[in-house]
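Secondary and tertiary structure notes
The primary structure of each chain is shown beneath.
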Amino acid sequence: MKKFLLALGLIVFLVEPLFGLPKETFRQRRAKLMELMGDGVGVLYGKTGGFEGEFKQDNNFYYLTGVEEPGAVLFLAPKEKSRRDVLLLAPRNPEDERWSGERPSIGKKLEDSLGFEYVGRTGGLGWMVNAGLQHTTNLCYLSPPVSSSSPVPTDLNFYKDVTARVPGASIKNMSHLIRDMRAIKTDEELAAMQKAIDITGEAFKKAALAMKPGMTEREVQDIIENEFKARGARQLAFSSIVA
């Protein structure tokens, strides 16, 4: 009988999209981050990509917003009296929406559903940052650091453009803030993680019982991934490895 190696954790799904944490959880996370940022302003980019097929949001961006839409941007300005945390979405494209489905229009209904006081389009990012820098000189870099051989992150390139045009503005490395926040799990996060672990175990059991001589790795993978989907999961944390 052909033996299969199932790497532990290989089919762990994204636990938050799977179990739908309430929007208040994401709002509280943003509030905590802004408290740690002090008087600076910050920008965090979500992942880009088409609206067709499978899309996996940047983990840090999802942690703070719960938004899975490609091309979104989060703007944070803790010391502003209004629009302290703003979600900016990519412009609508009628051609794309013919295939991917109609995206909602900007308005109060969308803002309420996403848990933001204000939702706009990404074209407004520049003037929002400039307005925020009227009250501070600090641009908070929030993304994880990258190696010297990696492409320069989009937000760091954007900050360089801003500092070249706004005298006195400077970039402050605060890349540890989100990392440190995510290291401390709440009860609801722990419960979601345990649920994902339980589902992983059940899927492995089903695959083990179904395996028989002559089966291919693809067939085993399909059994496992179909079991996850049957239990309500939507995405893999990373691609399956069945060998």
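Read on for an overview of the structure.

So, on to helix 9 (residues 187-210). With 24 residues, helix 9 should cover 34 Å at 1.5 Å per step; its first-to-last C-alpha distance of 35 Å lies within 8% of that length. Every buried residue of helix 9 is accounted for by Glu 189, Ala 192, Ala 196, Ile 199, Thr 200, Ala 203, Phe 204 and Ala 207.

Another aspect to go through is the pairing of strand 5 (residues 138-141). Taking every second residue as pointing to the same face, both faces of strand 5 are buried, with Asn 138 and Cys 140 on one and Leu 139 and Tyr 141 on the other. With 2 bridges connecting them, strand 1 (residues 41-45) and strand 5 associate as parallel partners. Residue pairing for strand 5: Val 41 is matched across the bridge by Leu 139. Relative to strand 6 (residues 170-173), strand 5 is paired through 4 bridges, and the arrangement is parallel. In the strand pairing of strand 6, Asn 138 is matched with Ser 170. In this fold, strand 5 hands off to helix 7 (residues 154-165), which returns the chain to strand 6; that crossover is right-handed.

Turning to the packing of helix 2 (residues 23-37) against helix 8 (residues 176-183), a few remarks are in order. With their axes 10 Å apart at the nearest point, helix 2 and helix 8 run at an angle of 135° to one another. Taken together, helix 2 and helix 8 sit at an angle that is classed as oblique. The crossing of helix 2 and helix 8 is right-handed. Where helix 2 abuts helix 8, its residues Arg 29, Lys 32, Leu 33, Leu 36 and Met 37 lie against Leu 177, Ile 178 and Met 181. Grouping the amino acids of the contact of helix 2 with helix 8 by side-chain chemistry returns 6 nonpolar, no polar and 2 charged.

Assignment of secondary structure puts Leu 64 in helix 3 (residues 59-65). Leu 64 gets classed as buried once you look at its relative accessible area, which sits at 0%. Along the sequence, Leu 64 and Ile 178 sit 114 residues apart, while their C-alpha atoms lie 8.8 Å from each other. Setting aside chain neighbours within four positions, we find Leu 64 in contact with Phe 26, Arg 29, Arg 30, Leu 33, Leu 44, Leu 74 and Ile 178.

Once that is clear, we can look at the packing of aromatic side chains. One pass over the full model with this rule turns up 2 aromatic pairs. Where Phe 26 meets Tyr 62, the ring centres are 5.6 Å apart and the plane angle is 85°; that geometry is what we call edge-to-face. Of the two residues, Phe 26 sits in helix 2 while Tyr 62 sits in helix 3, which places them 36 residues apart along the sequence. A single burial state applies to Phe 26 and to Tyr 62, both of which are buried. Measuring from ring centre to ring centre gives 6.3 Å for Phe 158 and Tyr 159, while their planes differ by 45°; the resulting arrangement is tilted. Each member of the pair, Phe 158 together with Tyr 159, is buried. Looking at Arg 83, its charged tip hangs above the ring of Tyr 118, at a distance of 3.7 Å from the centre.

What counts, and where the lines are drawn
- Residues numbered from 1 in each chain as written.
- Predicted model: local features only at pLDDT ≥ 70, side-chain atom pairs only at ≥ 80, totals over all residues.
- Heavy atoms only, no water.
- Helix = DSSP H or I, 4+ residues; strand = E, 2+ residues; numbered from the N terminus.
- Expected span 1.5 Å × (residues − 1).
- Buried < 20%, exposed > 50% of the residue type's maximum accessible area, 1.4 Å probe, protein only.
- Pairing = 2+ DSSP bridges.
- Right-handed = clockwise from strand over helix to strand, strands pointing away.
- Axes fitted to C-alpha atoms, helices over the stretch in contact; angles between N-to-C directions.
- Parallel < 35°, antiparallel > 145°, perpendicular 65-115°, else oblique.
- Left-handed = near helix turned anticlockwise from the far one by under 90°.
- Contact = heavy atoms within 4.5 Å.
- Nonpolar A, V, L, I, M, F, W, Y, C, P; charged D, E, K, R; others polar.
- Phe/Tyr/Trp six-rings, centres within 6.5 Å; stacked < 30°, edge-to-face > 60°.
- Lys NZ or Arg CZ within 6 Å of the ring centre and 35° of its normal.

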